[in-house]
Amino acid sequence: EIEAKYTKKMQVLRDELDLRRKTEIHEVEERKNSQISELMRNHEKAFSDIKNYYNDITLKNLALISLLKEQMEEMKKRENHLEKEKADVLLQNKQLKEPLQQAQEQVSELQKKLAHYEKDKEALTNTKARLKVTQKELKDLQWEHEVLEQRFSKVQTERDELYQKFTKAINEVQQKTGFKNLLLERKLKGLLSVLEKKEVELSEVFAASNLDPGALSLVSHKLENATIKDLQLQLARVCKAHNDMLQTFEAKLTAFGIPPDNLGFKPLASPVLGQ
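About the thresholds
- Residues numbered from 1 in each chain as written.
- Predicted model: local features only at pLDDT ≥ 70, side-chain atom pairs only at ≥ 80, totals over all residues.
- Heavy atoms only, no water.
- Helix = DSSP H or I, 4+ residues; strand = E, 2+ residues; numbered from the N terminus.
- Buried < 20%, exposed > 50% of the residue type's maximum accessible area, 1.4 Å probe, protein only.
- Areas by Shrake-Rupley, 256 points an atom, 1.4 Å probe, with all protein chains shown as cover.
- Phe/Tyr/Trp six-rings, centres within 6.5 Å; stacked < 30°, edge-to-face > 60°.
- Lys NZ or Arg CZ within 6 Å of the ring centre and 35° of its normal.
- Patch = residues over 30% accessible without salt bridge, like charges linked within 9 Å, V, L, I, M, F, W, Y side chains within 5 Å.
- Salt bridge = Lys/Arg side-chain N within 4 Å of Asp/Glu carboxyl O.
- Axes fitted to C-alpha atoms, helices over the stretch in contact; angles between N-to-C directions.
- Parallel < 35°, antiparallel > 145°, perpendicular 65-115°, else oblique.
- Contact = heavy atoms within 4.5 Å.
- Lys, Arg positive; Asp, Glu negative; His and termini not counted.
- Charge placed at Lys NZ, Arg CZ, Asp CG, Glu CD.
- pLDDT = per-residue confidence, 0-100.

- If you look the protein up in an unreviewed UniProt entry, it shows as Dynein regulatory complex subunit 4 from Oceanodroma tethys.

### Remarks on the overall build of the protein
Line of reasoning, step 1. Summing up its helical and strand segments, the protein has four helices and zero strands in all.
Line of reasoning, step 2. Counting from the amino terminus, the protein carries its helices and strands in the arrangement α-α-α-α.
Line of reasoning, step 3. Counting over 275 residues, the protein shows a buried share of 8%.
Line of reasoning, step 4. When the accessible surface of the protein is totalled, it reaches about 24300 Å², and 58% of it is carbon and sulfur.

### Focus: the packing of aromatic side chains
When we look at a pair of aromatic rings, we describe it by the centre distance and by the angle of the planes.
Line of reasoning, step 1. Considering all chains together, one arrives at one aromatic pair under this definition.
Line of reasoning, step 2. Ring centres 5.3 Å apart and planes at 75° place the aromatic pair Y53 and Y54 in the edge-to-face group.
Line of reasoning, step 3. The ring of Y6 carries the charged tip of K9 above its face, separated from the ring centre by 5.1 Å.

### Section: a nonpolar patch on the surface
Line of reasoning, step 1. A cluster of nonpolar side chains, I50, Y53 and Y54, forms an exposed patch at the surface whose accessible area comes to about 350 Å².
Line of reasoning, step 2. Turning to its location among the elements, Y54 is positioned in helix α1 (residues 2-95).

### Brief notes about the pattern of salt bridges
Between side chains of opposite charge, a pair can form when the charged atoms approach closely.
Line of reasoning, step 1. Per the stated rule, a full pass over the model turns up five salt bridges.
Line of reasoning, step 2. Among the ionic pairs, D18 bridges to K22, the shortest N-O distance being 3.9 Å. Of this pair, D18 and K22 both sit in helix α1, separated by four residues, roughly a single helical turn.
Line of reasoning, step 3. One continuous salt-bridge network, built from bridges that share partners, spans D18, R21 and K22.

### Brief notes about the packing of α1 against helix α2 (residues 97-115)
Line of reasoning, step 1. It is at 4 Å that the axes of α1 and α2 come closest, and there the two elements cross at 55°. What the angle tells us is that α1 and α2 run oblique. Where α1 abuts α2, its residues N93, K94 and Q95 lie against K97, E98 and P99.

### Description of a negative patch on the surface
Line of reasoning, step 1. Side chains of E24, E27, E29 and E30 sit close together on the surface and give a patch of like negative charge.
Line of reasoning, step 2. Locating E24 in the fold gives a position in helix α1.

### A short note on the confidence of the model for the protein
Line of reasoning, step 1. Put simply, the protein has an average pLDDT of 80, and 80% of its residues get 70 or more.
Line of reasoning, step 2. Within the protein, no element has a lower average pLDDT than helix α4 (residues 213-255), which sits at 71, and none a higher one than α1, at 92.

Quick look at the structure:
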């Protein structure tokens, strides 16, 4: 009975354990299948990513290859162009060889001149200082020049006015002098005619009185000398008035700083008595 009892318990326990084992195996298989599915999905995603990545790389490489081909063609063109430029430059180098020698000689000369640069620089500084002083002096001179121009314009105006007055005065004096000279000439002619009449009358008187011809000549000569002296005195007064007027005008011109030569003519001075 005990053996049958424990055999039954043992059978029940075996069944329970077998059921538990099967359940655990089923759970393990389910977890395994779930992990396999998850792993497959991960692998597919990784494969898709890798595929896309390599596709992008392939496309980029193709684009890069195309770009490199274009760049290579451009480089070939540039290389051909540079070859032509190289030939041109070599030709220019041959042509510029002689100017290069001349330039090198000039460089050597300039290097010699460069040795005196400090002296030239100091001289330039001194020149700039003198230039500033000269510019200041120039400004002062320009200001003085403007002042002198204004004064000169004023003096020119006064000179023109004075010249007009002088011309008018000269014309008036010439008219007056000519009129006086005309009057003197007419007066002289009248006096000469009167003198001739007096001489005729004296000749008749002397002839009637039977005077000596020598005495007659002496009396006639004295009468002529008295008339001539009277006319000379009148002429001397007119000439002196004319000359005094010219001296006064020349003094005015000198006072205004105007040379008499600027008049354009030389006033005629009347001769004094005895010249």
